[in-house]
Every structure is written in C-alpha cells, then in structure tokens.
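Each chain is listed here by its residues.
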Amino acid sequence: MNRILVTGAGGQIGSWLVPKLRELYGGPAVLATDIRTLDAEMVEAGPFQVLDATDPHAVGQAVMRHHADAIFHLAAILSAVGERDPRLAWHVNMGSLEAVLEVAREQSCAVFTPSSIGVFGPDSPKNPAPQDTVMRPRTVYGITKVAGELLCDYYHSHYGVDTRGVRFPGLISYGAPPGGGTTDWAVDIFYKAVEQGRYTCFLAEGTQLDMMYMPDAVRAAIGVMEADPDRLVHRNAFNVTAMQLTPEALAAEIRKHVPGFEIDYDVDPVRQSIADSWPDRIDDTTARQEWGWKPDFDAVAMTADMLTHLKG
Ligand code: NAD
Ligand code: SER
C-alpha cells in the first residue's frame, strides 16, 4: 500500500482515517474523495476530489490519475437512514462497491470495505455472535453488508483482488457527526452530557450493543490492510469489538465526569427494532488470531478521552 484513494472521506470514519493515513503514508499519497465538498482542514492537508463512488467511470479515472494501489471504500448509507430509503441504501451501498471492485480488478488495487454488526439478524446467536454463523439481517443495510462481504470474497477468489474488511460495531468519536445509524446514541450522549447535563435516548434501557472508540477503529482498518496475507483465512470480514454498552452503563460512566448527569428514554421503534435484531456481543477471537487485533480503549478509557476533548 503506497498510494491510497478514500471514498466517503468526509464521514465519521473518513474524517479520522484520512489524517492517520496521511501521517503514515504522506499527505500527497492519500486522495480524499466524497460526493460533497469537505471542510478546509481535509482539503488543505492533501489532495481532495468530489467523486460519486457509484460512478465506475469517475472512480476509474480518479484511481488512474492518482496512481492508487489501494482503496479504502467508506461511502455508504447507514442503517437508520437505509430503513427510511431502502432503494437509496441499495443503490449507494451495492452500486459503489461494484464500481470500486471492478476498478480494483482492472487497475490492481487492494480494497478495504467496512462491514458491520448489521450483518447479523434475529436468527444469529446473540451472545456471542461467532465469526462464522447464520446471517439473515432484517435491514436493507444489513442485506447490503452481507452481499458486500460475499462480493469482496468473490473478487478475491475469482480475480485475485486483495480485498479485506472488518465488521465494525458502533463507533464513538468526536468531530464529524455519525451519519444516521442505530448506534448514534453512543455519540449523541456525550454532546448532550457536556451541553445540557442530560440525554434522552432513542434506544431503551437494557439495549446492549458492541462499540469501539474511533482511534481503535482506524487501527483496525489499517491493521487488517497491513496484515500478512498468508495468515488471513477470512479476509472479508472480521468481527472486531472493544466493549459492550447499554445506555444506562454508559450514562453511569459519564456521570463519574459530569456529576448529576441524567438519562431518560423516548424509544424510536424503528431503531429499537434494528438494535434488537443485532447481537449483544460479537466474538472477535478470529481477528485476534489471524492478524493480532486488540483494542486499546475500553469504556472507562474511551469515556475519559471523549469528555476531555469535548470539554476542551
Ligand atoms: P458516514 O455516513 O459518516 O459517512 C459516509 C460518507 O459517504 C459521507 O461523507 C457521505 O457524504 C459519503 N457518501 C454518500 N454517498 C456517496 C457516494 N455516492 N459517493 C461518494 N461518497 C458518498 O459513514 P461512516 O460512519 O463514516 O461509515 C463508513 C463505512 O463504515 C460505511 O460502510 C459504514 O457502513 C461502515 N460502518 C460504520 C459504522 C459506524 O458506527 N460509523 C459501523 C459499522 C460500519
Ligand atoms: N453504526 C452503524 C449503524 O448503526 C453500524 O453499522 O448503522
């Protein structure tokens, strides 16, 4: 991996991943792209281009002009937005992946594609959900993620494209806001804690999901791409997790830093039903064995770091 193109670079993950890639590989080596223009910091720190990742011709031209040998493909529609507009989610998630994989095949690029805990459904084991198990998701987002994992495997086995990926849990970060997922509550809660000292959660008390702090997510994305290919059996996509959180458990942790912080609940039935269909905990033993995955941040360290940054 020497010259990298990132799609969907302005989102929650891209706004952290692009600076890290530029630090590691050099600013000019990392072309950030998104369907919209991005803030000055991202655009001034290295090359940037407006790019619709569902347009195979435009993706091909961008890869060729940048002489890219790796693509981090982040452009997607997330779970809650996807349930509001399933056809858009299918079009963006599958159309962009197909475009990226075809360009990668033609121009010999490695491809990182993030999958999600959204691949699991009510028929999957809930605690823990193993690496290899039943995956019959009920959301269009999850359906695109399962199909995406299989398509990436296909491009590897049939065309030799170096495809790799991880199943991210809910990601927690400051900076760019989350893009409309079911796990967004675990970011919103921090902003409301600092601004108002209270938070109304759209998921019910007791709803447990896997989560990860963004610095660990960035390490996972780069780590799986830099892993020794001879050790990789799974490639697309590894379960990775760092912690399991319920709203009340995270609220209790935040209360140690924001005395008197209060949480109440106004449950959104759509996002609650998505969360209820996902596991309480996923098993990431395979990622630990095949490429040495290990998170740095647990809930205690993540909460302290988030609040340090948000309180300024
Ligand atoms: P996000 O919604 O924050 O960002 C997505 C970016 O893609 C946005 O900047 C958007 O402008 C861009 N985009 C949308 N349509 C596009 C198109 N047609 N062409 C180019 N760009 C387009 O999402 P994110 O949280 O950064 O997620 C990135 C990837 O990681 C997605 O595949 C997502 O499913 C996956 N993921 C995210 C999480 C999480 O908690 N954030 C968890 C699991 C998996
Ligand atoms: N955070 C993502 C979502 O909720 C999980 O893929 O959609």
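Above this text is the structure in question.
A few points on the structure. (Residues numbered from 1 in each chain as written. Chains lettered and ligands numbered in written order. Predicted model: local features only at pLDDT ≥ 70, side-chain atom pairs only at ≥ 80, totals over all residues. Heavy atoms only, no water.)

## Remarks on the site of ligand 1
Then step 1. Taken together, 28 residues form the shell around ligand 1, and within it Gln12, Asp34, Arg36, Tyr141 and Lys145 come nearest.
Then step 2. For ligand 1, a nitrogen atom lies 3.4 Å from a polar atom in the backbone of Ile35.
Then step 3. Taking Ala53, its main chain carries an N or O atom lying 2.9 Å from a nitrogen atom of ligand 1.
Then step 4. Because more than half of its atoms lie within 2 Å of the grid, ligand 1 is assigned to the largest pocket.
Then step 5. Going through the elements one at a time, β6 (115-116), α6 (140-159) and β9 (170-172) are the ones with two or more residues in the shell around ligand 1. (Near = heavy atom within 4 Å. Polar contact = N/O pair within 3.5 Å; in protein donor to acceptor, adjacent residues only side chain to side chain. 1 Å grid on protein atoms, 1.4 Å probe; cavity = no way out; pocket = protein on both sides within 12 Å on 5 of 7 lines; lining within 4 Å. Sits in = over half its atoms within 2 Å of the grid points. Helix = DSSP H or I, 4+ residues; strand = E, 2+ residues; numbered from the N terminus.)

## Points about the sheet that holds strand β13 (residues 243-245)
Then step 1. Strand order in the open sheet formed by three strands is β9-β11-β13, with mixed pairing between adjacent strands. Of all strands in the sheet, those bounded by a partner on one side alone are β9 and β13. When strand polarity is set aside, the average angle formed by the axes of neighbouring strands in this sheet is 45°. (Pairing = 2+ DSSP bridges. Axes fitted to C-alpha atoms, helices over the stretch in contact; angles between N-to-C directions.)

## Structural notes on the side chain of Thr7
Then step 1. Positionally, Thr7 belongs in strand β1 (residues 4-7).
Then step 2. Accessibility expressed as a relative area gives 1% for Thr7, which makes it buried.
Then step 3. For Thr7, the side chain forms a polar contact with the side chain of His73, separated by 2.7 Å.
Then step 4. Beyond its immediate stretch of four places on either side in the chain, Thr7 contacts Thr33, Ala53, Ile71, Phe72, His73, Leu74, Ala75 and Val100. (Buried < 20%, exposed > 50% of the residue type's maximum accessible area, 1.4 Å probe, protein only. Contact = heavy atoms within 4.5 Å.)

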